[in-house]
Amino acid sequence: MTEQDRELANVDASLPVRAVLEGEFVNDVPAVERTPWRRRAVNWWRRSPRVPLWAKDRVHAVQAVKDLVVAVLRSPFRFMGAVVRGLVVAVRWWRSWVTVRDYREAAEQSEKLADKFTDIRELTLFRWKVTGATVVTVALVVAVLDLVYGHRALWIAGGVCAVALAVLGRRKDGSPGRKAVLAGPRTLTWTMDPQILVDAFRDAKLIGKDETLRLVDRATRRGEGWAVTVDLPATRKAADVVKQREALASALAVDEIQLSVERVRGNGGHAGRVAMWVADEDPYAKPPIRTPLLGVHRWDAWRPVPFGTDARGRRIDLPMVWTSVLIGALPRQGKTMAQRLAAAGLIMDPHVRLLVADFKAGKDWGAVAQMAHRFMSGDDSEHVLTFLDWLVELVADVQQRYRRMRELDDLTCPESKVTPDMSRDPSLDMPITALFVDELHIPLEDRTPVEVQGKKLTAGEYIGELLTWLAKKAPAAGLILVLATQRPDAKTLPTRLRAVLGSRFALRVMDYRDSNIILGEQMNTRGYDSSRLLPSHKGVGILRPDGETQAGAEVLALTVRTFYMPNEDWREICQRGRSLREVEGTLTGHAAGQEAQPMLDHAAVAKAIGSAPTPAEAERAGEIELPEPLASVVDYLANDLDGDDGRDFVPTAELVAALDVEPTFGLDMAKLGCRSTRDRVPTEDGVKQVRGYAVADIRAAVERLREAALIDGEVIDDDDR
Ligand SMILES: Nc1ncnc2c1ncn2[C@@H]1O[C@H](COP(=O)(O)OP(=O)(O)OP(=O)(O)O)[C@@H](O)[C@H]1O
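Residues numbered from 1 in each chain as written. Predicted model: local features only at pLDDT ≥ 70, side-chain atom pairs only at ≥ 80, totals over all residues.

1. Topic: helix H16 (residues 512–519)
Quick reminder of the rule: Whether a residue is buried, exposed or partly exposed follows from its count of other C-beta atoms within 10 Å of its own C-beta, namely 20 or more, 12 or fewer, or something in between, respectively; the C-beta atoms are built from the backbone. For helices the rule is a DSSP run of H or I covering at least 4 residues; for strands it is a run of E covering at least 2, with both sets numbered from the N terminus onward. Placing a C-beta atom from the backbone of each residue, one calls two residues in contact when those atoms lie within 7 Å.
Across the eight residues that make up H16, a large majority, six, are buried. Of all the positions in H16, only Asp514, Ser515, Asn516, Ile517, Ile518 and Leu519 are classed as buried. On the buried face of H16, the contacting elements are strand S7 (324–328), helix H15 (495–498), strand S14 (503–506) and strand S15 (540–544).

2. Describing the packing of helix H5 (residues 113–149) against helix H6 (residues 151–168)
So the rule is basically this: Here an angle of 0 to 180 degrees is reported between the N-to-C directions of two axes, which are lines fitted to C-alpha atoms, with helices fitted over the stretch in contact. We call two directions roughly parallel when the angle between them is under 35 degrees, roughly antiparallel when it is over 145, roughly perpendicular when it lies between 65 and 115, and oblique otherwise.
Between H5 and H6, the least distance of the axes is 6 Å, while the angle of their chain directions is 135°. The angle between H5 and H6 falls in the class oblique. Seen from H5, the contacting residues are Val142, Leu145, Asp146 and Tyr149; seen from H6, they are His151, Arg152, Ala153, Leu154 and Ala157.

3. Here's the deal with the sheet that holds strand S6 (residues 315–318)
Spelled out, the test is: Paired strands are those between which DSSP finds at least two bridges.
Read across the sheet, ten strands follow the order S6-S5-S16-S15-S14-S7-S13-S10-S8-S9 without closing on themselves; strand pairing throughout is mixed. Pairing within the sheet leaves two strands with one partner each, and these edge strands are S6 and strand S9 (374–377). Geometrically, the sheet is characterised by an average inter-axis angle of 25° between neighbouring strands, direction not taken into account. Relative to the sheet, helix H11 (residues 381–407) contacts strand S8 (353–358), S9, strand S10 (433–438) and strand S13 (479–485), its axis offset from that of S9 by approximately 155°.

4. Some points on the pairing of strand S2 (residues 225–231)
In terms of strand pairing, strand S1 (residues 214–221) meets S2 through five bridges, oriented antiparallel. Each bridged residue has a counterpart across the sheet, and for threonine 220 the counterpart in S2 is alanine 227. Taking the residues that link successive antiparallel strands as the turn, the S1-S2 hairpin has three residues, and the phi of glycine 223 there is positive, at about 60°. Two elements, S2 and strand S4 (residues 273–279), share seven bridges in a ladder whose sense is antiparallel. Counted as the bridge partner of tryptophan 226 is valine 278 from S4.

5. Some words on the site of the ligand
The condition that has to hold: A molecule or strand has a residue near it when that residue's C-beta atom, placed from backbone coordinates, lies within 6 Å of it.
If you check the shell around the ligand, you find 16 residues, and the closest are Pro288, Pro331, Gly334, Thr336 and Gly539. Within the residue set of the shell around the ligand, elements represented by two or more residues are helix H10 (335–347) and strand S16 (558–562). The greatest single-element share of the shell around the ligand, amounting to three residues, is contributed by H10.

6. Here we look at the packing of H11 against helix H14 (residues 459–473)
Applicable threshold: Each crossing is labelled by how the near helix is turned from the far one, with a counterclockwise turn of less than a right angle marking it left-handed and a clockwise turn marking it right-handed. The classification used treats Ala, Val, Leu, Ile, Met, Phe, Trp, Tyr, Cys and Pro as nonpolar, Asp, Glu, Lys and Arg as charged, and all other residues, Gly among them, as polar.
The interhelical angle for the contact between H11 and H14, taken along N-to-C directions, is 30°, at an axis separation of 10 Å. Our classification of the angle between H11 and H14 gives roughly parallel. Classified by chirality, the crossing of H14 by H11 is left-handed. Counting all contacts with H11, which are made through Val384, Leu385, Phe387, Leu388, Leu391, Val392, Leu394, Val395 and Val398, the residues of H14 involved are Ala459, Tyr462, Ile463, Leu466, Leu467, Trp469, Leu470 and Lys473. Within the contact of H11 with H14, the residues separate by chemical class into 16 nonpolar, no polar and one charged.

7. Some words on the nonpolar core
Generally speaking, nonpolar side chains in soluble globular proteins are found buried as a group. Quick note on the threshold: Buried Ala, Val, Leu, Ile, Met, Phe, Trp, Tyr and Cys residues form a nonpolar core when they are connected through C-beta atoms within 7 Å.
Membership of the largest hydrophobic core comes to 96 residues, with the highest contact counts inside it found for Ala342, Leu354, Val368, Leu391 and Leu470. Once residues lying within four places of it in the same chain are set aside, the contact partners of leucine 470 are Leu391, Leu394, Val395, Val398, Leu479 and Leu481. With 24 residues, the next largest nonpolar core counts Val254, Val264, Trp277 and Ala279 among its residues.

Take a look at the structure:
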């Protein structure tokens, strides 16, 4: 072998090569693998848009046969209906002809009815005579035919007439026919007749009067409901259909909880393709399903955790690693259950470290104490301060992790992120660590004074800052935050914290504002509003996942019913978690009886999270300036805006009189998102309807502007670092 040959061999060494046996004939020309014609034909058949779906797919074929059988069975009734309608149409036409209606109406309109009366009478008489003569002739012809050919002729003549009448009376757009003034209740019948689906889209104003839908997939049975996929006319958007789900549900005569509408994205879809599924009955009225985690021995925290099912019964898993979760709801709607489900997957992975702060102080979390690294249950100030220490410890731990990651080689740690192998390597000490906080509003509202580097804060404010820092920086280092709160209002939950929590789960809340606070700005206008969920639907909420779920990567949010995990199942899972950790030797902290006080370096942590002022401080210091005239309005309405018992409405006239505003006041306010409305207010002259502003709208506009300002500040902050 020459030197050159050796070099070439070295270059190619990286390529996978098949061993060549000595004496084997090596053909240099690569054999072109031909696809057999049969497979090509099958491929063409499967992909061709010209081949109907029922000829490609078994489900659709079965549905097509069912539809055919139903159509055949219904055809005699439909035929009879069409004949009767045809008869009505024919009689109506004859009446207007015999009474010369068109001529009479024209004369009436030109006010010449009196002049034309004799003509009209004569014509009417003549047409009656023609009618009489025709009837007599037809009767004679029929009698003769009957005599000559027997009754068969009568049947044939009757059949031809019936077909003619049926054609005349067939249902088609704009066909005449009497409509009932007050028809009976509307029911869902579109599964049999796609025209009703088109009418529903028209009634819901999702398509125009002259537009129609294109059927991509016929209505087929899927689970316990009907699925259908349609294409909207060009320029109409599927996103609008998702938004108008309620109107469509009304047009289809079903409860909106039964209707699921999704935009079909990716290769098989486009911006105007809508997949709909209509449940036969309320999908959440059935008994809850127990968590499938009970059936497995252990779980891998890197796999999404089984969380619940959607309306169709598809399992929805929640990705946990590299994200943080916010759960919000009114009391007794299933927050703790949802949180415990997320925890269950992590408990069954012995390499995960769990910290649980239960400010509800009930028995719901008790069982987790046997395997948790840190556990606390209570709602006093001392608990809040202990929790604060945990957070300080976590911030220091995260900083340490990043420092250590910088020193690791690229093979072990390819980016500044914990990998599955790293999280399981005890020598690296970077296990996935999950912090669960139930009733988060309790520590956030705590007013115990604390001093951080000479600055006086309340414990709640400092906790908000620490959590924000953790939610922003810690997920990549393997720390998961799962926060649940009963009070998802803007005052309690700092905007900066909300903005960095990746996954959101909103169970039923009071109104759309609270729902938006959990799910994100304007989510109600995109069709996701958890205040519309029913109180009886425990554990049902809207999930906005951070990452892909079974419903697809592109789905913005979906309604999910969490699995059911009663206390006995929860206890069993916690016991399994403990046993797994004992076997792996990963039982630490509280569970292992090591209640060592965390080593805290408050100064370093305060430095790490920066000396950025808290949102409250920033507002106090006037850093977040509101534009005029909103700023003056906010000053004027200070008490009404802050307190829950303030006014709901303020008249424009009052604002104009109190504040020295420009003539463009209304326009300026509208630009800032506050539109005036009309409301009834008591005055000296009694109750009067006046123009003014809803205080809630003003509050929302202020909140929006502050949020935007804070997020902008955040971005600048991040870039600086
Ligand atoms: N998926 C579910 N299916 C059926 N019932 C559920 C489901 N999730 C929760 N529940 C029921 O709802 C009730 C409230 O649940 P949970 O205690 O989790 O609510 P919560 O919002 O945490 O309450 P609180 O506000 O008191 O903390 C419980 O009785 C529970 O059994």
